[in-house]
Amino acid sequence: MTLVKQPADCVSKTDIRTAIDALDEELLQLFARRQGYVRRMADLKQHPDEAFDHQRIETMVAALKDRAEELGLEGAQAEAVWRTLIDWNVAFEKRTIAARLEALQDEPTKPGSDF
Ligand SMILES: C=C(O[C@@H]1C=C(C(=O)O)C=C[C@H]1O)C(=O)O
């Protein structure tokens, strides 16, 4: 983890931007790690319709909003970020699963397996 100055210790725009850039790098690494699980989820789900799980999404977003507020962030900001992220992930899962199913259908019949 990169050490960054606390907000109150920053005395210039450069101090603040250095801290923000370092935190953004950490956030990116976390998003990339998170995406690894979404990729694996796309392997495990069987149909594109499974990509969007309404109940899971609403439960997550409600919990994230509450936690954001506890941490002093606006819940609406956390909600907007996560809904965008989840929308992308659902689209990713849908197209990944659809492409896998299509590839399976297009597979030439193996010799000896047609009866
Ligand atoms: C990862 C999943 O797939 C989708 C992506 C989600 C996410 O990015 O957190 C949440 C719900 C899903 O519709 C899941 O079903 O948990």
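Residues numbered from 1 in each chain as written. Predicted model: local features only at pLDDT ≥ 70, side-chain atom pairs only at ≥ 80, totals over all residues. Heavy atoms only, no water.

Caption draft 1: Just the nonpolar core, in detail. Of all hydrophobic cores here, the largest spans six residues; its members are Ala 51, Ile 57, Met 60, Val 61, Ile 86 and Val 90. Within the residue set of this core, elements represented by two or more residues are helix 2 (54-70) and helix 3 (75-106). Excluding residues within four positions of it along the chain, Val 61 makes contact with Glu 79, Arg 83 and Ile 86. (Core = buried A, V, L, I, M, F, W, Y, C linked by side-chain atoms within 4.5 Å. Buried < 20%, exposed > 50% of the residue type's maximum accessible area, 1.4 Å probe, protein only. Helix = DSSP H or I, 4+ residues; strand = E, 2+ residues; numbered from the N terminus. Contact = heavy atoms within 4.5 Å.)

Caption draft 2: Representation of the pattern of salt bridges within the structure. Under the defined criterion, the tally for this structure stands at seven salt bridges. Arg 40 is the partner of Asp 43 in a salt bridge, and the nearest nitrogen-oxygen pair spans 3.2 Å. Pair noted here: Asp 43 and Arg 40 are both in helix 1 (residues 13-44), with a separation of three residues, about one helical turn. Judged by relative accessible area, Asp 43 falls into the partly exposed class, the value being 42%. Arg 40 sits in the partly exposed class, given a relative accessible area of 47%. As a salt-bridge pair, Arg 83 and Glu 79 come within 2.9 Å of each other at their nearest N and O atoms. Highlighted residues: Arg 83 and Glu 79, both in helix 3, separated by four residues, approximately one helical turn. Each member of the salt-bridge network shares a partner with another, and the members are Glu 58, Lys 65, Glu 79 and Arg 83. (Salt bridge = Lys/Arg side-chain N within 4 Å of Asp/Glu carboxyl O.)

Purely spatial values, then, with no claim about function.
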